[in-house]
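Remarks on the overall topology
The chain contents come next:
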Amino acid sequence: MAEMSAERKVRWVADERHALIPAGMIGVLIVLLIVPDGLNYAIMLETQAPAAGGLLSRALWLGLLASAGAVIAWRASLSWPFLLLFAALAVASIVWSIEPEVTVRRDIRLVTILAVCFACCLTGWHARRFQRVVRPVLTAVLLGSIAFGLISPGLAIHQELAPELVGAWRGLANHKNTFGAIAGIALVLWTHGWLSHEMRLSRAIFGCALAAVCLWLSRSSTAAISAVAAIAFLFLLLRSPRGAQPYLKYTVVLAVAVLVIYAVAILRLIPGSDLLLAPFKLLSMDTTFTGRSEIWAIVVERFHLNPLLGVGYGAYWIGPVAQSPSYEFVWRMGSFYPGSAHNGYLDVANDLGFTGLVCLLGYIAVHLRQSLRALAVDRSQGALFLALFIQQAMVNLSESHWFSVLSLQFMLMTLATMALARLTLELKLRARFGQPLRQVPPPASARSALLETVAAAAHARLT
């Protein structure tokens, strides 16, 4: 009993300082993942994308890696092993990769993204840090995209003749789907800000209207459907009647289970998985996602050649070049090169085999468990992390974003995962030790004191 009393007297200190630099690093990382290399929008009119970034892009990525590493080393006592298992597998895949140089470049990006997100959650922490860092940056990108579209519509709007691209905006991004994803996530964040009373209604209306307009201009149906689903979950979790709240966790678990089972079944990676699709076929649902099944079939063939460890992280989709196994799409689908499997679950399995797929499913399970725990204590943040997860789980049924270092959505999901884990740690500390002590600002230096004295004297003379 005495030990318990002594333990209860231990106080912990809130870690709210040093927030600006890591938040700035997140902003730079978001921009790097959105805009073309060197702000060269004209290159998007070419058919062949560059194989690697330019000097400035590489310098920024390496600068972010070094800066994040310095922050993590400084705050090493607060570091956690997030996504380390997948990162270790991705790095190890250099050994068996069919394109080891590409895998090395992807690994450097992966480590950089993990490190920057880590650093952001190690300093200046508070429970609402994720949305307060991300929402302003995405909103600025959307405003900039509207201005860019008005000033230079030839670059901000797709000029291709494909029916799905005609008239679609890409804004400051490189594709309409990326622009739609930015708008969809921003719409979820602004809606959450209103539902959780983080802002005035007028601000929320402005943010939601801006995001909705950009989402409509992008003509990205996947982004629109996933955003609507995520917002529906927000309303369910934050506005449901009190009597229904004890059952919400079962609803969430059921929804995630259906999504994951459907995702694995439509890929037919496991013999007999067709049986899992029977309920969806009875509902007349399209299990091919408008013709993507042909792409999946070719990638699944490749997967079965290396089912345990895959072809190497990021080593398959290197472009329509003859030395890549993915070049078979050019002659099997009439010169069409999809650039990805258009399914995040399948691309992870193809890159890293069943081992990588197990890592992904484990990541999903842990994220879901931590979100449900947060929901029981901090309903607002738990609902946000669950809604974002539902959004990404749906998007990855027809696009490839899970663990993709080329995807803004992976970076944001990584930051959300780490923010969720930091929130889980804080909730445990509060439950065990009570409310934290607030850090006292350090004493002002002699120079700062002199400046304050001079400023006070000048003010007194003027008045």
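Just so we're clear, the structure is a prediction, and the values are computed from it rather than from any experiment.

Definitions and cut-offs
Residues numbered from 1 in each chain as written. Predicted model: local features only at pLDDT ≥ 70, side-chain atom pairs only at ≥ 80, totals over all residues. Heavy atoms only, no water. Helix = DSSP H or I, 4+ residues; strand = E, 2+ residues; numbered from the N terminus. Buried < 20%, exposed > 50% of the residue type's maximum accessible area, 1.4 Å probe, protein only. Axes fitted to C-alpha atoms, helices over the stretch in contact; angles between N-to-C directions. Parallel < 35°, antiparallel > 145°, perpendicular 65-115°, else oblique. Left-handed = near helix turned anticlockwise from the far one by under 90°. Contact = heavy atoms within 4.5 Å. Nonpolar A, V, L, I, M, F, W, Y, C, P; charged D, E, K, R; others polar. Core = buried A, V, L, I, M, F, W, Y, C linked by side-chain atoms within 4.5 Å. Expected span 1.5 Å × (residues − 1). Salt bridge = Lys/Arg side-chain N within 4 Å of Asp/Glu carboxyl O. Phe/Tyr/Trp six-rings, centres within 6.5 Å; stacked < 30°, edge-to-face > 60°. Patch = residues over 30% accessible without salt bridge, like charges linked within 9 Å, V, L, I, M, F, W, Y side chains within 5 Å. Areas by Shrake-Rupley, 256 points an atom, 1.4 Å probe, with all protein chains shown as cover.

Attention now goes to unusual backbone geometry. Residue Arg219 is not a glycine yet carries a positive backbone phi of 60°. Note on placement: Arg219 falls in the loop between helix H9 (201–218) and helix H10 (221–239). The exposure class of Arg219 is partly exposed, given its relative accessible area of 41%. Its identity as a non-glycine residue notwithstanding, Phe403 has a phi of 60°, on the positive side. By secondary structure assignment, the location of Phe403 is in the loop between helix H16 (379–395) and helix H17 (408–433).

Moving on, we come to the packing of H10 against H16. Running from N to C, H10 and H16 cross one another at 155°; their axes reach a closest spacing of 8 Å. When the interaxial angle is binned, H10 and H16 end up roughly antiparallel. Viewed along their axes, H10 and H16 form a crossing whose handedness is right-handed. Contact residues: Thr222, Ile225, Ser226, Ala227, Ala229, Ala230, Phe233, Leu234, Leu237 and Leu238 in H10; Arg379, Ser380, Ala383, Leu384, Leu386, Ala387, Ile390, Gln391, Met394 and Val395 in H16. Broken down by class, the residue content of the contact of H10 with H16 amounts to 15 nonpolar, four polar and one charged.

With that settled, the discussion passes to the nonpolar core. Ranked by internal contacts, the top residues of the largest apolar core, which has 110 residues, are Phe130, Leu138, Trp402 and Met411. Considering each element in turn, this core owes the most residues, 13 residues, to helix H15 (residues 344–377). Beyond its immediate stretch of four places on either side in the chain, Trp402 contacts Gly344, Tyr345, Val348, Leu360, Tyr363, Ile364, Phe389, Gln392, Ala393, Asn396 and Met413. Counting 12 residues, the second-largest nonpolar core is a separate cluster that includes Ile295, Val311, Tyr337 and Ala341.

It is worth spelling out helix H5 (residues 100–122) at this point. Here H5 spans 32 Å end to end across 23 residues, near enough to the 33 Å set by a 1.5 Å rise per residue. Where H5 ends, the next residue or the one after it, Gly124, has phi of about 55°, a positive value.

Below, the discussion takes up the pattern of salt bridges. All told, the structure shown has three salt bridges when counted by the stated rule. When the shortest N-O distance is used, the salt bridge between Arg128 and Asp378 registers 3.0 Å. With Arg128 in the loop between H5 and helix H6 (129–151) and Asp378 in the loop between H15 and H16, this pair connects stretches of sequence that are 250 residues apart. Using a relative accessible area of 14% as the deciding quantity, one classes Asp378 as buried. The partner of Glu198 in a salt bridge is Arg135, and the shortest N-O contact between them spans 3.5 Å. One end of the pair, Glu198, is in the loop between helix H8 (176–195) and H9; the other, Arg135, is in helix H6, with 63 residues separating them in the sequence. Like Glu198, the residue Arg135 is buried in the burial classification. Put simply, Arg128, Arg135, Glu198 and Asp378 are held in one network by salt bridges that share partners.

Our focus in this paragraph is H16. Because an α-helix packs 3.6 residues into every turn, residues spaced three or four apart end up facing the same way. Relative to the 24 Å expected for 17 residues at 1.5 Å per residue, H16 spans 24 Å between its end C-alpha atoms, a close match to the ideal helical length. The buried count for H16 comes to 15 of 17 residues, which makes it a mostly enclosed element.

Now for the packing of aromatic side chains. Scanning the entire structure with this criterion turns up 11 aromatic pairs. With 4.9 Å between their ring centres and 85° between their planes, Tyr316 and Trp317 make a pair best called edge-to-face. As far as burial versus exposure is concerned, Tyr316 and Trp317 are alike and both buried. Here the aromatic rings of Phe403 and Phe410 are separated by 6.0 Å at their centres, their planes lie at 85°, and the arrangement is edge-to-face. As far as burial versus exposure is concerned, Phe403 and Phe410 are alike and both buried. Taken together, Phe86, Tyr313, Tyr345, Tyr363, Phe389, Trp402, Phe403 and Phe410 form an aromatic cluster joined through their ring pairs.

Below, the discussion takes up the environment of Gln392. Locating Gln392 in the fold gives a position in helix H16. Assessed through its relative accessible area of 4%, Gln392 is described here as buried. For the pair Gln392 and Ala223, spaced 169 residues apart in the sequence, the C-alpha separation amounts to 9.6 Å. With residues up to four places along the chain from it excluded, the contact list for Gln392 reads Ile185, Trp402, Gln409 and Met413.

This part is about a nonpolar patch on the surface. Residues Trp194, Leu201, Ile205 and Phe235 make up a contiguous nonpolar surface patch of about 380 Å² in total accessible area. With respect to the helices and strands, Trp194 occurs in helix H8. Take Trp194: its relative accessible area is 35%, and that puts it in the partly exposed class.

By secondary structure assignment, the location of Ala297 is in helix H13 (residues 293–303). Residues Ala297 and Ala341, 44 residues apart in the sequence, show an inter-C-alpha distance of 9.5 Å.

What follows concerns the packing of H13 against H15. It is at 9 Å that the axes of H13 and H15 come closest, and there the two elements cross at 10°. Relative to H15, the element H13 lies roughly parallel. In this structure, H13 uses Trp296, Val299, Val300, Arg302 and Phe303 to contact H15, whose residues at the interface are Leu346, Ala349, Asn350, Gly353 and Phe354. For the contact of H13 with H15, the class distribution of residues is seven nonpolar, two polar and one charged.

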